[in-house]
Amino acid sequence: MKTVYIAMSADIIHTGHLNIIQQAAKLGEVVVGVLTDEAVASYKRLPFLCFQDRKTIVENIVGVSKVIAQETLDYIPNLEKIKPDYVVHGDDWKVGVQAKVRQSVVDTLAKWNGELVEPKYTPGISSTKLNNAIREIGTTPEIRMKRLGRLINAKKIVRILEAHNGLSGLIAENVFVEKNGVKYEFDGMWLSSLTDSISKGKPDIECVDLTSRISTLNHILETTTKPIIYDGDSGGLAEHFVFMVRSLERLGVSAVIIEDKIGLKKNSLLNTGQGQLQDDIEHFSDKISCGKNARVTDDFMIIARIESLITGAGQKDAITRAKAYIDAGADGIMIHSKKSEPDEIFEFCRDYEKLNKTVPLVVVPSTYCQVTEEQLADFGVNVVIYANHLLRSAYPAMMNTAKLILASQRAKEAEQLCMSIKDIVTLIPNGVK
Ligand code: SPV
Ligand code: MG
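Residues numbered from 1 in each chain as written. Chains lettered and ligands numbered in written order. Predicted model: local features only at pLDDT ≥ 70, side-chain atom pairs only at ≥ 80, totals over all residues. Heavy atoms only, no water.

Novice: With reference to specific residues and values, describe the overall build of the protein chain.
Specialist: The helix and strand tally for the protein chain stands at 18 helices and 17 strands. Burial statistics for the protein chain: of 433 residues in total, 47% are counted as buried. Of the roughly 21800 Å² of accessible surface on the protein chain, a fraction of 56% belongs to carbon and sulfur atoms. Taken as two groups, the 52 positive and 55 negative side-chain charges of the protein chain have centres that lie 4 Å from each other. (Helix = DSSP H or I, 4+ residues; strand = E, 2+ residues; numbered from the N terminus. Buried < 20%, exposed > 50% of the residue type's maximum accessible area, 1.4 Å probe, protein only. Areas by Shrake-Rupley, 256 points an atom, 1.4 Å probe, with all protein chains shown as cover. Lys, Arg positive; Asp, Glu negative; His and termini not counted. Charge placed at Lys NZ, Arg CZ, Asp CG, Glu CD.)

If you want it as C-alpha coordinates, here you go:
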(Lines give C-alpha, C1' and ligand atoms only; values in the text may rest on other atoms or scores of the structure.)
(Ligands and ions follow the chains in the order given, each with its own letter.)
Protein backbone atom coordinates (compact mmCIF):
# COMPACT_ATOMS: atom_id res chain seq x y z
CA MET A 1 0.00 0.00 0.00
CA LYS A 2 1.33 3.42 -0.94
CA THR A 3 1.36 6.33 1.50
CA VAL A 4 -0.23 9.65 0.60
CA TYR A 5 0.35 12.83 2.59
CA ILE A 6 -1.93 15.87 2.78
CA ALA A 7 -1.46 18.95 4.98
CA MET A 8 -4.30 21.20 6.03
CA SER A 9 -5.36 23.53 8.81
CA ALA A 10 -8.92 22.09 8.59
CA ASP A 11 -10.52 24.98 10.46
CA ILE A 12 -13.50 25.36 8.16
CA ILE A 13 -13.95 22.07 6.32
CA HIS A 14 -15.54 22.46 2.90
CA THR A 15 -16.05 20.30 -0.17
CA GLY A 16 -12.64 21.34 -1.52
CA HIS A 17 -11.01 19.43 1.36
CA LEU A 18 -13.22 16.40 0.77
CA ASN A 19 -12.32 16.39 -2.91
CA ILE A 20 -8.58 16.39 -2.11
CA ILE A 21 -9.02 13.56 0.39
CA GLN A 22 -11.04 11.49 -2.11
CA GLN A 23 -8.39 11.95 -4.78
CA ALA A 24 -5.67 11.03 -2.31
CA ALA A 25 -7.51 7.90 -1.13
CA LYS A 26 -7.43 6.56 -4.70
CA LEU A 27 -3.63 6.59 -4.53
CA GLY A 28 -3.12 4.83 -1.19
CA GLU A 29 -3.36 5.18 2.56
CA VAL A 30 -4.03 8.81 3.46
CA VAL A 31 -2.07 10.48 6.26
CA VAL A 32 -3.25 14.02 7.03
CA GLY A 33 -0.93 16.49 8.74
CA VAL A 34 -3.17 18.93 10.59
CA LEU A 35 -1.34 22.21 11.17
CA THR A 36 -0.94 23.08 14.83
CA ASP A 37 -2.19 26.45 16.14
CA GLU A 38 1.44 27.56 16.16
CA ALA A 39 2.00 26.61 12.50
CA VAL A 40 -1.14 28.45 11.34
CA ALA A 41 -0.47 31.51 13.52
CA SER A 42 2.95 31.85 11.89
CA TYR A 43 1.30 33.18 8.71
CA LYS A 44 -2.33 34.06 9.42
CA ARG A 45 -4.92 34.36 12.17
CA LEU A 46 -5.35 31.64 14.75
CA PRO A 47 -7.92 28.99 13.69
CA PHE A 48 -11.40 29.22 15.18
CA LEU A 49 -11.20 25.62 16.39
CA CYS A 50 -8.39 24.36 18.64
CA PHE A 51 -5.94 21.77 17.31
CA GLN A 52 -7.54 18.83 19.14
CA ASP A 53 -10.99 19.57 17.68
CA ARG A 54 -9.59 19.99 14.17
CA LYS A 55 -7.68 16.72 14.50
CA THR A 56 -10.75 14.81 15.70
CA ILE A 57 -12.86 16.15 12.82
CA VAL A 58 -10.31 15.11 10.19
CA GLU A 59 -9.89 11.67 11.80
CA ASN A 60 -13.57 11.08 11.14
CA ILE A 61 -13.58 11.97 7.47
CA VAL A 62 -14.05 8.99 5.15
CA GLY A 63 -10.82 8.13 3.37
CA VAL A 64 -8.46 9.36 6.11
CA SER A 65 -6.31 6.61 7.68
CA LYS A 66 -4.26 8.60 10.12
CA VAL A 67 -3.88 12.16 11.40
CA ILE A 68 -0.63 13.61 12.68
CA ALA A 69 0.39 17.12 13.73
CA GLN A 70 2.26 19.34 11.29
CA GLU A 71 4.12 21.73 13.53
CA THR A 72 5.45 24.10 10.88
CA LEU A 73 4.06 25.67 7.72
CA ASP A 74 6.92 23.90 6.01
CA TYR A 75 6.11 20.25 5.10
CA ILE A 76 9.66 18.99 5.25
CA PRO A 77 9.94 17.63 8.83
CA ASN A 78 6.81 15.47 8.34
CA LEU A 79 7.80 14.39 4.84
CA GLU A 80 11.24 13.27 6.10
CA LYS A 81 9.54 11.32 8.87
CA ILE A 82 6.96 9.40 6.84
CA LYS A 83 8.54 9.48 3.37
CA PRO A 84 5.21 9.35 1.51
CA ASP A 85 4.91 8.09 -2.06
CA TYR A 86 2.59 10.98 -2.86
CA VAL A 87 1.72 14.43 -1.60
CA VAL A 88 -1.66 15.76 -2.76
CA HIS A 89 -2.44 19.49 -2.87
CA GLY A 90 -4.84 21.63 -4.93
CA ASP A 91 -3.12 23.27 -7.91
CA ASP A 92 -3.79 26.76 -6.54
CA TRP A 93 -0.38 26.95 -4.82
CA LYS A 94 1.70 27.04 -8.01
CA VAL A 95 1.75 30.81 -7.91
CA GLY A 96 1.85 33.30 -5.08
CA VAL A 97 3.22 33.01 -1.59
CA GLN A 98 2.89 29.24 -1.38
CA ALA A 99 5.03 28.61 -4.48
CA LYS A 100 8.15 28.37 -2.31
CA VAL A 101 6.60 25.82 0.05
CA ARG A 102 5.50 23.83 -3.02
CA GLN A 103 9.01 23.81 -4.49
CA SER A 104 10.51 22.50 -1.26
CA VAL A 105 7.92 19.68 -1.27
CA VAL A 106 8.88 18.76 -4.87
CA ASP A 107 12.61 18.78 -3.98
CA THR A 108 12.14 16.69 -0.84
CA LEU A 109 9.91 14.10 -2.52
CA ALA A 110 12.53 13.69 -5.23
CA LYS A 111 14.89 12.16 -2.65
CA TRP A 112 12.81 8.95 -2.58
CA ASN A 113 11.09 9.28 -5.98
CA GLY A 114 7.89 10.55 -4.38
CA GLU A 115 5.40 12.42 -6.50
CA LEU A 116 3.35 15.57 -6.09
CA VAL A 117 -0.24 15.20 -7.32
CA GLU A 118 -2.21 18.41 -7.84
CA PRO A 119 -5.94 18.04 -8.50
CA LYS A 120 -7.66 21.06 -9.93
CA TYR A 121 -8.57 23.57 -7.21
CA THR A 122 -12.30 23.38 -6.41
CA PRO A 123 -13.71 26.65 -7.73
CA GLY A 124 -16.49 28.59 -6.10
CA ILE A 125 -15.29 28.14 -2.54
CA SER A 126 -13.89 31.18 -0.86
CA SER A 127 -12.34 30.68 2.55
CA THR A 128 -12.47 34.45 2.98
CA LYS A 129 -16.24 34.42 2.50
CA LEU A 130 -16.59 31.51 4.93
CA ASN A 131 -14.42 33.37 7.43
CA ASN A 132 -16.55 36.49 7.12
CA ALA A 133 -19.70 34.43 7.59
CA ILE A 134 -18.26 33.05 10.83
CA ARG A 135 -17.40 36.55 12.00
CA GLU A 136 -20.99 37.60 11.35
CA ILE A 137 -22.25 34.74 13.48
CA GLY A 138 -19.94 36.08 16.17
CA THR A 139 -18.52 34.24 19.13
CA THR A 140 -19.49 33.09 22.60
CA PRO A 141 -18.08 34.42 25.87
CA GLU A 142 -16.37 31.08 26.50
CA ILE A 143 -14.69 30.82 23.10
CA ARG A 144 -13.57 34.44 23.25
CA MET A 145 -12.21 34.11 26.77
CA LYS A 146 -10.13 31.00 25.99
CA ARG A 147 -8.67 32.54 22.87
CA LEU A 148 -6.08 34.68 24.67
CA GLY A 149 -4.48 31.63 26.30
CA ARG A 150 -4.44 29.82 22.96
CA LEU A 151 -2.80 32.84 21.30
CA ILE A 152 -0.13 33.07 24.01
CA ASN A 153 0.69 29.39 23.47
CA ALA A 154 0.68 29.63 19.68
CA LYS A 155 2.43 32.91 18.95
CA LYS A 156 5.87 34.31 19.56
CA ILE A 157 4.20 37.51 20.74
CA VAL A 158 0.54 38.47 21.05
CA ARG A 159 -0.34 41.92 19.71
CA ILE A 160 -3.10 43.92 21.42
CA LEU A 161 -4.59 47.29 20.42
CA GLU A 162 -6.49 49.79 22.53
CA ALA A 163 -10.20 50.23 21.84
CA HIS A 164 -12.53 52.70 23.56
CA ASN A 165 -15.84 52.26 21.72
CA GLY A 166 -17.57 50.04 19.17
CA LEU A 167 -15.94 51.74 16.20
CA SER A 168 -12.36 51.52 17.47
CA GLY A 169 -13.17 47.91 18.41
CA LEU A 170 -14.10 47.30 14.78
CA ILE A 171 -10.76 48.70 13.65
CA ALA A 172 -8.85 46.37 16.00
CA GLU A 173 -11.02 43.49 14.84
CA ASN A 174 -10.72 43.97 11.09
CA VAL A 175 -7.59 45.88 10.15
CA PHE A 176 -4.75 43.88 8.58
CA VAL A 177 -1.74 44.30 6.34
CA GLU A 178 -0.06 41.70 4.17
CA LYS A 179 3.72 41.59 3.94
CA ASN A 180 5.71 38.85 2.18
CA GLY A 181 2.75 36.51 2.21
CA VAL A 182 2.18 36.88 5.94
CA LYS A 183 -1.05 38.45 7.16
CA TYR A 184 -0.51 40.76 10.15
CA GLU A 185 -3.42 41.70 12.35
CA PHE A 186 -4.15 42.56 15.97
CA ASP A 187 -4.88 39.59 18.19
CA GLY A 188 -7.18 41.37 20.61
CA MET A 189 -8.24 44.57 22.34
CA TRP A 190 -7.08 46.49 25.42
CA LEU A 191 -9.81 48.25 27.31
CA SER A 192 -7.63 51.09 28.54
CA SER A 193 -8.70 53.08 31.58
CA LEU A 194 -6.92 56.09 30.07
CA THR A 195 -8.70 56.13 26.72
CA ASP A 196 -12.05 55.01 28.13
CA SER A 197 -11.92 57.86 30.69
CA ILE A 198 -10.60 60.48 28.28
CA SER A 199 -13.24 59.68 25.67
CA LYS A 200 -15.82 60.38 28.36
CA GLY A 201 -14.12 63.69 29.13
CA LYS A 202 -12.88 62.41 32.50
CA PRO A 203 -9.35 62.08 33.92
CA ASP A 204 -7.75 58.65 34.33
CA ILE A 205 -8.21 58.48 38.12
CA GLU A 206 -10.74 55.65 38.56
CA CYS A 207 -13.62 58.15 38.52
CA VAL A 208 -15.37 56.34 35.66
CA ASP A 209 -17.18 53.63 37.57
CA LEU A 210 -17.39 49.94 36.73
CA THR A 211 -20.93 50.18 35.32
CA SER A 212 -19.81 52.83 32.90
CA ARG A 213 -16.64 50.94 31.94
CA ILE A 214 -18.74 47.83 31.34
CA SER A 215 -21.03 49.85 29.11
CA THR A 216 -18.00 50.66 26.89
CA LEU A 217 -16.98 47.03 27.10
CA ASN A 218 -20.41 45.95 25.87
CA HIS A 219 -20.12 48.18 22.80
CA ILE A 220 -16.81 46.51 21.98
CA LEU A 221 -18.13 43.02 22.69
CA GLU A 222 -20.96 43.67 20.25
CA THR A 223 -18.72 44.61 17.35
CA THR A 224 -15.86 42.14 17.82
CA THR A 225 -14.90 38.49 18.32
CA LYS A 226 -11.26 38.88 19.40
CA PRO A 227 -10.13 38.48 23.02
CA ILE A 228 -10.19 41.42 25.41
CA ILE A 229 -7.77 42.44 28.14
CA TYR A 230 -9.45 44.78 30.61
CA ASP A 231 -7.53 47.50 32.41
CA GLY A 232 -8.84 47.12 35.97
CA ASP A 233 -6.83 50.06 37.39
CA SER A 234 -5.96 49.20 41.01
CA GLY A 235 -8.87 46.75 41.24
CA GLY A 236 -10.21 48.88 44.11
CA LEU A 237 -10.80 47.17 47.43
CA ALA A 238 -10.35 43.40 47.38
CA GLU A 239 -13.98 43.14 48.45
CA HIS A 240 -14.97 45.08 45.31
CA PHE A 241 -12.43 43.43 43.00
CA VAL A 242 -14.16 40.04 43.31
CA PHE A 243 -17.29 41.52 41.72
CA MET A 244 -15.26 43.02 38.90
CA VAL A 245 -13.75 39.59 38.25
CA ARG A 246 -17.16 37.89 38.19
CA SER A 247 -18.65 40.49 35.82
CA LEU A 248 -15.74 40.43 33.38
CA GLU A 249 -15.52 36.65 33.38
CA ARG A 250 -19.25 36.30 32.73
CA LEU A 251 -18.95 38.62 29.70
CA GLY A 252 -16.11 36.59 28.18
CA VAL A 253 -13.24 39.00 28.85
CA SER A 254 -9.98 36.99 28.81
CA ALA A 255 -7.94 38.84 31.40
CA VAL A 256 -7.98 41.72 33.86
CA ILE A 257 -4.79 43.59 34.69
CA ILE A 258 -4.62 45.29 38.07
CA GLU A 259 -1.79 47.54 39.16
CA ASP A 260 -0.15 47.66 42.58
CA LYS A 261 -1.10 51.27 43.35
CA ILE A 262 -2.91 52.53 46.40
CA GLY A 263 -4.57 55.84 47.25
CA LEU A 264 -5.79 58.07 44.43
CA LYS A 265 -4.78 56.27 41.24
CA LYS A 266 -3.02 58.42 38.70
CA ASN A 267 -1.90 57.50 35.21
CA SER A 268 1.59 55.96 35.23
CA LEU A 269 2.82 58.10 32.36
CA LEU A 270 2.16 61.43 34.12
CA ASN A 271 5.42 63.28 34.28
CA THR A 272 5.02 64.57 37.79
CA GLY A 273 4.44 61.07 39.17
CA GLN A 274 4.28 62.53 42.68
CA GLY A 275 1.92 61.29 45.28
CA GLN A 276 1.33 57.85 43.80
CA LEU A 277 1.89 55.23 46.44
CA GLN A 278 2.68 51.63 45.65
CA ASP A 279 0.67 49.04 47.52
CA ASP A 280 2.55 46.74 49.89
CA ILE A 281 3.26 43.25 48.67
CA GLU A 282 1.05 41.37 51.16
CA HIS A 283 -1.96 43.60 50.63
CA PHE A 284 -1.78 43.39 46.83
CA SER A 285 -1.07 39.64 46.90
CA ASP A 286 -4.19 39.23 48.98
CA LYS A 287 -6.21 41.11 46.37
CA ILE A 288 -4.89 38.76 43.67
CA SER A 289 -5.83 35.70 45.75
CA CYS A 290 -9.33 37.08 46.36
CA GLY A 291 -9.78 37.57 42.61
CA LYS A 292 -8.52 34.08 41.88
CA ASN A 293 -10.94 32.57 44.37
CA ALA A 294 -13.82 34.50 42.82
CA ARG A 295 -13.30 33.05 39.34
CA VAL A 296 -15.70 30.46 38.05
CA THR A 297 -13.37 29.04 35.38
CA ASP A 298 -9.63 28.47 35.11
CA ASP A 299 -9.53 30.34 31.81
CA PHE A 300 -10.07 33.88 33.09
CA MET A 301 -6.65 35.40 33.79
CA ILE A 302 -5.72 37.80 36.55
CA ILE A 303 -2.57 39.67 35.58
CA ALA A 304 -0.57 41.62 38.16
CA ARG A 305 0.93 44.91 37.02
CA ILE A 306 4.10 45.98 38.75
CA GLU A 307 4.74 49.72 39.10
CA SER A 308 8.17 49.59 40.78
CA LEU A 309 9.95 51.09 37.77
CA ILE A 310 7.38 53.92 37.67
CA THR A 311 7.47 54.77 41.39
CA GLY A 312 11.25 54.51 41.59
CA ALA A 313 11.28 51.44 43.83
CA GLY A 314 13.60 49.81 41.29
CA GLN A 315 14.46 46.50 39.64
CA LYS A 316 15.06 44.45 42.76
CA ASP A 317 11.69 45.42 44.17
CA ALA A 318 10.03 44.66 40.82
CA ILE A 319 11.42 41.11 40.75
CA THR A 320 10.57 40.50 44.42
CA ARG A 321 7.02 41.54 43.63
CA ALA A 322 6.85 39.37 40.49
CA LYS A 323 7.79 36.36 42.61
CA ALA A 324 5.26 37.21 45.32
CA TYR A 325 2.42 37.93 42.91
CA ILE A 326 3.01 34.67 41.03
CA ASP A 327 2.97 32.83 44.37
CA ALA A 328 -0.33 34.57 45.14
CA GLY A 329 -1.78 33.12 41.94
CA ALA A 330 -1.21 35.79 39.26
CA ASP A 331 -1.72 34.27 35.80
CA GLY A 332 0.50 36.88 34.18
CA ILE A 333 2.84 39.76 35.04
CA MET A 334 2.81 43.19 33.44
CA ILE A 335 5.90 45.31 33.94
CA HIS A 336 5.52 49.00 33.16
CA SER A 337 8.02 51.75 32.42
CA LYS A 338 7.84 55.39 31.38
CA LYS A 339 11.43 55.67 30.25
CA SER A 340 12.14 56.71 26.68
CA GLU A 341 14.47 53.72 26.21
CA PRO A 342 13.56 50.05 26.73
CA ASP A 343 16.71 49.28 28.78
CA GLU A 344 15.01 48.89 32.16
CA ILE A 345 12.33 46.65 30.61
CA PHE A 346 15.04 44.47 29.06
CA GLU A 347 16.84 44.32 32.41
CA PHE A 348 13.64 43.19 34.10
CA CYS A 349 13.09 40.56 31.38
CA ARG A 350 16.57 39.14 31.96
CA ASP A 351 15.99 38.80 35.70
CA TYR A 352 12.44 37.56 35.19
CA GLU A 353 13.65 34.71 33.01
CA LYS A 354 15.85 33.52 35.88
CA LEU A 355 12.90 33.02 38.24
CA ASN A 356 12.11 29.35 38.56
CA LYS A 357 8.40 29.92 38.18
CA THR A 358 7.10 32.37 35.61
CA VAL A 359 3.80 33.24 33.92
CA PRO A 360 3.24 35.16 30.65
CA LEU A 361 4.86 38.59 30.58
CA VAL A 362 3.04 41.70 29.31
CA VAL A 363 4.51 45.10 28.37
CA VAL A 364 3.09 48.44 27.24
CA PRO A 365 5.67 50.29 25.14
CA SER A 366 4.09 53.75 25.03
CA THR A 367 7.14 55.88 25.86
CA TYR A 368 9.79 53.45 24.60
CA CYS A 369 7.86 53.03 21.34
CA GLN A 370 10.96 52.42 19.20
CA VAL A 371 11.17 48.87 20.52
CA THR A 372 10.11 46.22 18.00
CA GLU A 373 7.89 43.23 18.59
CA GLU A 374 10.77 40.99 17.57
CA GLN A 375 13.08 42.51 20.21
CA LEU A 376 10.41 42.10 22.89
CA ALA A 377 9.74 38.50 21.88
CA ASP A 378 13.49 37.77 22.02
CA PHE A 379 13.48 39.06 25.60
CA GLY A 380 10.69 36.65 26.46
CA VAL A 381 7.75 39.07 26.36
CA ASN A 382 4.50 37.25 25.52
CA VAL A 383 2.03 40.11 25.06
CA VAL A 384 2.55 43.65 23.74
CA ILE A 385 -0.17 46.25 24.27
CA TYR A 386 -0.48 49.38 22.10
CA ALA A 387 -2.41 51.10 24.83
CA ASN A 388 -3.65 54.47 23.58
CA HIS A 389 -2.81 54.93 19.92
CA LEU A 390 -6.26 55.04 18.31
CA LEU A 391 -7.52 57.81 20.58
CA ARG A 392 -4.23 59.70 20.47
CA SER A 393 -4.41 59.77 16.69
CA ALA A 394 -8.16 60.48 16.48
CA TYR A 395 -8.15 63.52 18.78
CA PRO A 396 -5.67 65.70 16.83
CA ALA A 397 -7.48 64.80 13.59
CA MET A 398 -10.80 65.98 15.05
CA MET A 399 -9.23 69.15 16.48
CA ASN A 400 -7.77 70.06 13.09
CA THR A 401 -11.12 69.67 11.39
CA ALA A 402 -12.90 71.75 14.05
CA LYS A 403 -10.30 74.53 13.75
CA LEU A 404 -10.47 74.56 9.98
CA ILE A 405 -14.25 75.00 10.03
CA LEU A 406 -13.86 77.91 12.46
CA ALA A 407 -11.10 79.54 10.47
CA SER A 408 -12.97 79.20 7.16
CA GLN A 409 -16.43 80.07 8.49
CA ARG A 410 -17.73 77.19 6.41
CA ALA A 411 -17.11 73.46 5.98
CA LYS A 412 -15.75 73.29 2.42
CA GLU A 413 -12.06 73.52 3.41
CA ALA A 414 -12.46 70.81 6.04
CA GLU A 415 -13.85 68.37 3.48
CA GLN A 416 -10.33 67.38 2.42
CA LEU A 417 -9.67 66.15 5.97
CA CYS A 418 -12.83 64.02 6.03
CA MET A 419 -13.86 60.70 4.62
CA SER A 420 -16.73 60.99 2.14
CA ILE A 421 -20.32 61.07 3.32
CA LYS A 422 -20.98 57.97 1.25
CA ASP A 423 -18.15 56.14 3.03
CA ILE A 424 -19.30 57.05 6.53
CA VAL A 425 -22.93 56.20 5.77
CA THR A 426 -22.00 52.78 4.44
CA LEU A 427 -19.15 52.09 6.88
CA ILE A 428 -21.32 49.89 9.07
CA PRO A 429 -23.50 47.72 6.88
CA ASN A 430 -27.16 47.38 7.64
CA GLY A 431 -27.74 44.05 9.37
CA VAL A 432 -30.79 43.29 7.22
CA LYS A 433 -29.99 41.31 4.08
C1 SPV B 1 -4.01 52.58 30.23
O2 SPV B 1 -3.97 52.47 28.99
O3 SPV B 1 -4.95 53.08 30.83
C4 SPV B 1 -2.89 52.09 31.06
C5 SPV B 1 -1.53 52.10 30.52
O6 SPV B 1 -3.14 51.76 32.20
S7 SPV B 1 -0.81 53.58 31.00
O8 SPV B 1 -1.61 54.66 30.42
O9 SPV B 1 0.53 53.58 30.48
O10 SPV B 1 -0.82 53.65 32.45
MG1 MG C 1 -4.96 52.44 32.95
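Novice: Go over the sheet that holds strand β4 (residues 86-88), please, and point to the residues and values.
Specialist: Spatially, the five strands line up as an open sheet ordered β3-β2-β1-β4-β5, and their pairing is parallel. In this open sheet, the two edge strands, each paired with only one partner strand, are β3 (66-70) and β5 (115-117). The average angle at which neighbouring strand axes cross in this sheet is 25°, direction not considered. The pairing of strand β1 (residues 3-8) with strand β2 (residues 29-35) spans six bridges and is classified as parallel. Its bridge partner lying in β2, Ile6 is registered against Val32. Across the sheet, helix α3 (residues 51-59) touches β1, β2 and β3, and the angle it forms with β2 is around 165°. (Pairing = 2+ DSSP bridges. Axes fitted to C-alpha atoms, helices over the stretch in contact; angles between N-to-C directions. Contact = heavy atoms within 4.5 Å.)

Novice: Please give an account of helix α1 (residues 15-25) that cites residues and values.
Specialist: Those residues of α1 that fall on the buried side of the exposure criterion are Gly16, His17, Ile20, Ile21 and Ala24. Looking down the long axis of α1, one finds its buried residues gathered within 135° of arc, a one-sided arrangement. Across α1 from its buried face, at more than 90 degrees, point the exposed residues Thr15 and Gln22. Summarising the contacts, the buried residues of α1 are in contact with β1, β2 and β4. (Arc of directions from axis to C-beta.)

Novice: Residue-level account of the coordination of the magnesium ion (ligand 2), with values.
Specialist: Only Ser193 (OG) and Asp231 (OD) from the protein reach the magnesium ion (ligand 2) as donors, at distances of 2.1 to 2.2 Å. Of the two residues, Ser193 is situated in helix α9 (residues 193-199) and Asp231 in strand β10 (residues 228-231); the sequence distance between them amounts to 38 residues. Asp231 carries the same exposure label as Ser193, and that label is buried. (Donors = N, O, S within 2.8 Å, 3.2 Å for Na, K, Ca; no water.)

Novice: Please give an account of the site of ligand 1 that cites residues and values.
Specialist: All residues in the neighbourhood of ligand 1 are listed as Trp190, Ser192, Ser193, Leu194, Asp231, Asn267, Ser268, Leu269, Arg305, His336 and Ala387. Between an oxygen atom of ligand 1 and a main-chain N or O atom of Leu194, the distance comes to 2.8 Å. Most atoms of ligand 1, that is more than half of them, are within 2 Å of grid points of the largest cavity. (Near = heavy atom within 4 Å. Polar contact = N/O pair within 3.5 Å; in protein donor to acceptor, adjacent residues only side chain to side chain. 1 Å grid on protein atoms, 1.4 Å probe; cavity = no way out; pocket = protein on both sides within 12 Å on 5 of 7 lines; lining within 4 Å. Sits in = over half its atoms within 2 Å of the grid points.)

Novice: Please provide a residue-by-residue account of the layout of surface pockets, values included.
Specialist: Of the volumes computed, that of the second largest pocket is approximately 1000 Å³. Forming the walls of the second largest pocket are 41 residues, and the residues nearest its centre are Ala41, Leu46, Leu151, Lys155 and Asp187. Looking at the lining of the second largest pocket, the elements with two or more residues in it are α2 (37-41), α6 (127-137), α7 (141-154), β7 (176-179), β8 (182-185) and α16 (373-378). Top contributing element to the lining of the second largest pocket by residue count: α7, with seven residues. For the lining of the second largest pocket, a count of residues per class yields 16 nonpolar, five polar and 20 charged. Each of two domains, domain 1 (3-127) and domain 2 (138-387), supplies a minimum of three residues to the lining of the second largest pocket. (Points joined across faces, edges and corners; volume = space filled by probe spheres on them. Nonpolar A, V, L, I, M, F, W, Y, C, P; charged D, E, K, R; others polar. Domains from an automatic or database assignment.)

Novice: Please set out the domain arrangement of the protein chain residue by residue, giving values where relevant.
Specialist: Partitioning the protein chain into domains gives domain 1 (3-127), domain 2 (138-387) and domain 3 (398-425). Tallying the contact residues gives 13 residues for domain 1 and 11 residues for domain 2. Between domain 1 and domain 2, a total of about 920 Å² is buried, with carbon and sulfur atoms accounting for 55% of that surface. Taken together, the links from domain 1 to domain 2 amount to one salt bridge. The interface formed by domain 1 and domain 2 includes seven residue pairs in polar contact (both at pLDDT 80 or more). The residue makeup of the side of domain 1 that touches domain 2, split by class, is eight nonpolar, one polar and four charged. (Buried area = accessible area lost by both parts, 1.4 Å probe. Salt bridge = Lys/Arg side-chain N within 4 Å of Asp/Glu carboxyl O.)

Novice: Talk me through unusual backbone geometry; I want residue IDs and the actual numbers.
Specialist: Positive phi outside glycine occurs at Ala10, with the angle close to 55°. Here Ala10 is to be found in the loop between β1 and α1. Classification of Ala10 as buried rests on a relative accessible area of 1%.

Novice: Quick rundown of the pattern of salt bridges? Include the residues and the values.
Specialist: Counted according to the given criterion, the structure contains 30 salt bridges. Among the ionic pairs, Arg54 bridges to Asp37, the shortest N-O distance being 2.8 Å. Highlighted residues: Arg54 in helix α3 and Asp37 in helix α2, separated in sequence by 17 residues. For the pair formed by Arg54 and Asp37, the shared burial category is buried. As a salt-bridge pair, Asp196 and Arg213 come within 2.8 Å of each other at their nearest N and O atoms. Taken as a pair, Asp196 in helix α9 and Arg213 in helix α10 (residues 210-223) lie far apart in primary sequence, 17 residues in all. You can call Asp196 buried: its relative accessible area is 0%. One salt-bridge network, in which partners are shared between bridges, spans Asp196, Lys200, Asp204, Arg213, Asp233 and Lys265.

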